[in-house]
Amino acid sequence: MRIEQFDPTADAGSLRACHQISLASHPYDVPFMPPPSYTAFKGGWAAGWGLGEPRETWLARAETGEPVGCYLLRLPEKDNQEVGFTELIVTPERRRSGFGSALLAHCADRARLAGRARLQGMAVDGSAGETFARAKGATGGIDEVLRTMDIDAGLPAKLAGLRAAAEPHAAGYEILSWQAPTPEEHLAGLVELQRVNVAIPMDEGMEPMAVDAERLRSMEQAALAMGVRYYTVVAREVASGQLAAPTEVAVERETPEWGFQQLTSVRREHRGHRLGLLVKIAMLELFAEQEPGVKHIFTGNAGANEHMIAINEQLGYKIAAVFRFWELGLAGS
Ligand SMILES: CC(C)(COP(=O)(O)OP(=O)(O)OC[C@H]1O[C@@H](n2cnc3c(N)ncnc32)[C@H](O)[C@@H]1OP(=O)(O)O)[C@@H](O)C(=O)NCCC(=O)NCCS
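Residues numbered from 1 in each chain as written. Predicted model: local features only at pLDDT ≥ 70, side-chain atom pairs only at ≥ 80, totals over all residues. Heavy atoms only, no water.

## Some thoughts on the environment of Q290
- Among the secondary structure elements, Q290 is positioned in helix α8 (residues 275–290).
- The partly exposed category is assigned to Q290, whose relative accessible area is 43%.
- Along the sequence, Q290 and G227 sit 63 residues apart, while their C-alpha atoms lie 16 Å from each other.
- Not counting chain neighbours up to four residues away, the residues in contact with Q290 comprise Q179 and Y231. (Helix = DSSP H or I, 4+ residues; strand = E, 2+ residues; numbered from the N terminus. Buried < 20%, exposed > 50% of the residue type's maximum accessible area, 1.4 Å probe, protein only. Contact = heavy atoms within 4.5 Å.)

And the structure:
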């Protein structure tokens, strides 16, 4: 086997080969999600989601030249500087032949060379990825629960009922919405929300992603360049003008029936006003008008995030799968 680094912004052939491996793996590893479009895959592997952090991409070929596996290694610089994050895949028909082990050893070396003390990758519970991670002695993190909801004919009436019950608790707040790029007037407020809303349950020893205005804009630009439509709904306190609770959903051009929930949170001092539920209801109502083709919404929360889960269950979300990050220590090996 040969493992070769490639430049995903210049070598479309190798990137396509990695996308093919990801597509072939999809029914085995994440059948509950829509298959990854090439555009979205490229947005991650070539554009790095606009995060502006170093990345490496490596493709493994068998002696015949046939692509058998690949990995992406992310090396964050603005947060989690001790950690390398990998997405490592072996094409299904070539699994259990040692390719995954060889790629992991290679990836661990690269992460170590970049000064990282820990390597993380995620895997769905019950998947080959979990068994592989356990076999390698990796430690599993907290459970992250993926849920989906279907948008059906009964939803508008259900939303109206939920809103009527919640609104009396939210006097003094108004709802705003926009489609990315975020209007300049809201940019600083949105960045602040991302910074203060960091109390989301996460694995021990991990830092939340560092966000500033420049990074937020860069991530938006990367999403827009991929043809992603990115919606934000925010509850704002009328008296202070402070943004209190954002929710964000993205729709990719090549998977038009799916909305992908991004951050939802309520600023600590504004909790207890049902704002989390109200912004999500407002988003679904906005989608009924502006994204009538979206039939399912996909979301993920830490299993310990009780408040958000209660909101999602009220809205009709059902569990699709559980995944977690697996971590290998790199020091001394
Ligand atoms: C996980 C993955 C990379 C493993 O690739 P692979 O080429 O099959 O890995 P290896 O052949 O080197 O397997 C090494 C060991 O892991 C364990 N293992 C891997 N897959 C397994 C499975 N499906 N069932 C049981 N054990 C498994 C075994 O102990 C195996 O050793 P053995 O074959 O000698 O018994 C591959 O299944 C994959 O691409 N999965 C989807 C993406 C993913 O989950 N990546 C890992 C993120 S942490």
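## A short note on the domain arrangement of the protein chain
- As far as domains go, the protein chain holds domain 1 (2–137) and domain 2 (146–323).
- Computed over C-alpha atoms only, the centres of domain 1 and domain 2 are separated by 29 Å.
- In total, domain 1 and domain 2 occlude about 2000 Å² of area from one another, counting both sides; carbon and sulfur atoms represent 62% of this.
- Applying the counting rule to domain 1 against domain 2 returns two salt bridges.
- The closest approach of N and O atoms between R215 and E53, which form a salt bridge, is 3.4 Å.
- Inspection of the domain 1/domain 2 interface yields nine residue pairs in polar contact (both at pLDDT 80 or more). (Domains from an automatic or database assignment. Buried area = accessible area lost by both parts, 1.4 Å probe. Salt bridge = Lys/Arg side-chain N within 4 Å of Asp/Glu carboxyl O. Polar contact = N/O pair within 3.5 Å; in protein donor to acceptor, adjacent residues only side chain to side chain.)

## Remarks on the packing of aromatic side chains
- On inspection of all chains with the given rule, the structure shows nine aromatic pairs.
- Seen from their ring centres, W258 and F298 are 6.1 Å apart, and the 65° between their planes marks the pair as edge-to-face. Separated by 40 residues along the polypeptide, W258 in strand β11 (residues 258–264) and F298 in strand β12 (residues 296–302) bring together distant segments of the chain. Neither W258 nor F298 differs from the other in exposure class; each is buried.
- Here the guanidinium or amino end of R16 rests over the ring plane of Y38, the centre of that ring lying 3.6 Å away. (Phe/Tyr/Trp six-rings, centres within 6.5 Å; stacked < 30°, edge-to-face > 60°. Lys NZ or Arg CZ within 6 Å of the ring centre and 35° of its normal.)

## What to know about the pairing of strand β13 (residues 318–329)
- Of the pairings in the sheet, the one linking strand β5 (residues 118–124) to β13 comprises seven bridges and is antiparallel in character. What sits directly across from G121, in β13, is W326.
- Alignment of strand β6 (residues 139–140) against β13, held across two bridges, turns out to be antiparallel. Across the sheet, G140 pairs through a bridge with W326, a residue of β13.
- Pairing of strand β7 (residues 144–150) with β13, which is carried by five bridges, proceeds in the antiparallel orientation. Within β13, the position partnered with T148 by the bridge is K318. (Pairing = 2+ DSSP bridges.)

## Remarks on the site of the ligand
- Taken together, 17 residues surround the ligand, and among them L88, V90, R96, G100 and S101 come closest.
- In the environment of the ligand, an oxygen atom lies 2.7 Å from a nitrogen or oxygen atom belonging to the backbone of V90.
- R96 is positioned with one of its backbone polar atoms (N or O) 2.7 Å from an oxygen atom of the ligand.
- Contributions of two or more residues to the shell around the ligand are made by β4 (83–90), α3 (99–113) and α4 (128–135).
- If one sorts the elements of the shell around the ligand by residue count, α4 sits on top with five residues. (Near = heavy atom within 4 Å.)

## Things to note about the side chain of D79
- You can see D79 is positioned in the loop between β3 (67–74) and β4.
- Within polar-contact distance, the side chain of D79 engages the backbone nitrogen of A210 at 2.8 Å.
- Once you skip the residues sitting within four places of it in the chain, D79 turns out to touch E207, P208, M209, A210 and R215.

## Some words on the nonpolar core
- Formed by 31 residues in total, the largest nonpolar core has its most connected members in M149, L275, M283, L284, F287, I297 and L315.
- If you list the elements that add at least two residues to this core, you get α5 (155–166), β9 (229–237), β10 (243–251), α8 and α9 (306–315).
- No other element matches the 10 residues that α8 contributes to this core.
- Those residues within four positions of F287 in sequence are excluded, and the remaining contacts are Y231, V249, V251, P292, V294 and I297.
- Core analysis: the next-biggest nonpolar cluster, separate from the first, contains 22 residues, I3, V68, L73 and A138 among them. (Core = buried A, V, L, I, M, F, W, Y, C linked by side-chain atoms within 4.5 Å.)

## A few points about empty space enclosed by the protein
- Summed over all chains, the structure comprises two cavities of 30 Å³ or more.
- In this structure, the largest cavity occupies an estimated 60 Å³ of space.
- What lines the largest cavity is M149, V249, Q261, K280, M283, L284, I297, L315 and Y317.
- With three residues, the single largest contributor to the lining of the largest cavity is α8. (1 Å grid on protein atoms, 1.4 Å probe; cavity = no way out; pocket = protein on both sides within 12 Å on 5 of 7 lines; lining within 4 Å. Points joined across faces, edges and corners; volume = space filled by probe spheres on them.)

## Section: the environment of P201
- For P201, the position within the fold is in the loop between α6 (184–196) and α7 (213–225).
- Sequence-distant contacts of P201, that is, excluding residues within four places in its chain, are made with I142, A302, A304 and N305.

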